[in-house]
Amino acid sequence: MTALTIAAGSLLVATVASAAPAVPSEASSNEPARTPCGYFETEHDAKYNHCADNTHVVINVDTIWARDYTKCVGPGVTYLGSTDDIRFASYVGRTC
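First things first, this report covers the structure right here in the doc. Model, not experiment: these values are computed from the prediction. (Residues numbered from 1 in each chain as written. Predicted model: local features only at pLDDT ≥ 70, side-chain atom pairs only at ≥ 80, totals over all residues. Heavy atoms only, no water.)

Focus: the overall build of the protein chain
The condition that has to hold: Each helix is a run of DSSP H or I of at least 4 residues and each strand a run of E of at least 2, with the numbering of both proceeding from the N terminus. The contact criterion used throughout is that any non-hydrogen atoms of two residues lie within 4.5 Å.
If you tally the helices and strands in the protein chain, you get 2 helices and 6 strands. For the protein chain, the N- to C-terminal ordering of α and β elements is α-α-β-β-β-β-β-β. Look at the contacts in the protein chain between residues 6 or more apart in sequence, and 52% of them connect residues 24 or more apart.

Structure follows, in structure tokens:
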């Protein structure tokens, strides 16, 4: 009975240990953080990342203190302003 208990305990430990993700630590440490598509904020900056590489699109920028406005943005990250002034930005559904 003791051998069965020890074997069952070892099986449980092996099962729990194998549940860990099999991702090499090298791969995850060398990969740069991906910038999200669309509106995002860093510590103090509001930005918009247009992920397509061959179009320019119109976004609506929702501001806190001033009137909202539209802006044409190209591929990549566009700085919109301080997070103290910008609340959000979104694609309006057309190119420019």
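So, the nonpolar core
Using the following cut-off: Nonpolar cores are built from buried Ala, Val, Leu, Ile, Met, Phe, Trp, Tyr and Cys residues. Side-chain atoms within 4.5 Å join them into one set. Whether a residue is buried, partly exposed or exposed follows from its accessible area with a 1.4 Å probe, protein chains only, as a fraction of its type maximum: under 20%, in between, or over 50%, in that order.
Counting 10 residues, the largest nonpolar core is built from Tyr39, Ala46, Tyr48, Val57, Ile59, Val61, Val73, Leu80, Ile86 and Ala89. Ranked by residue count, the leading element in this core is strand β3 (residues 57–63), at 3 residues. Those residues in contact with Ile59, other than ones at most four positions away along the chain, are Tyr48, Tyr69, Thr70, Lys71, Val73, Leu80, Ala89, Ser90, Tyr91 and Val92.

Digging into the state of the cysteines
Condition: By convention in this document, the label disulfide applies to cysteine sulfur atom pairs within 2.5 Å.
Enumeration according to the criterion identifies 2 disulfides in this entry. Covalently, Cys37 is tied to Cys51 through a disulfide, its sulfur atoms 1.8 Å apart. Note on the Cys37 and Cys51 pair: the S-S dihedral is about -110°, so by sign convention the disulfide is left-handed. Residue Cys37 is located in the loop between α2 (25–30) and β1 (38–41), and its partner Cys51 is located in the loop between β2 (45–50) and β3; the two are separated by 14 residues in the primary sequence. Cys37 gets classed as exposed once you look at its relative accessible area, which sits at 55%. Exposure remark for Cys51: the relative accessible area of 42% places this residue in the partly exposed category. There is a disulfide in this structure between Cys72 and Cys96, and the S-S distance comes to 1.9 Å. Disulfide Cys72-Cys96: the torsion about the S-S bond is 80°, which places it as right-handed. Of this pair, Cys72 sits in strand β4 (residues 69–73) while Cys96 sits in the segment after β6 (86–95); the two residues are 24 residues apart in sequence, bridging distant segments of the chain. Judged by relative accessible area, which is 44%, Cys72 ranks as partly exposed.

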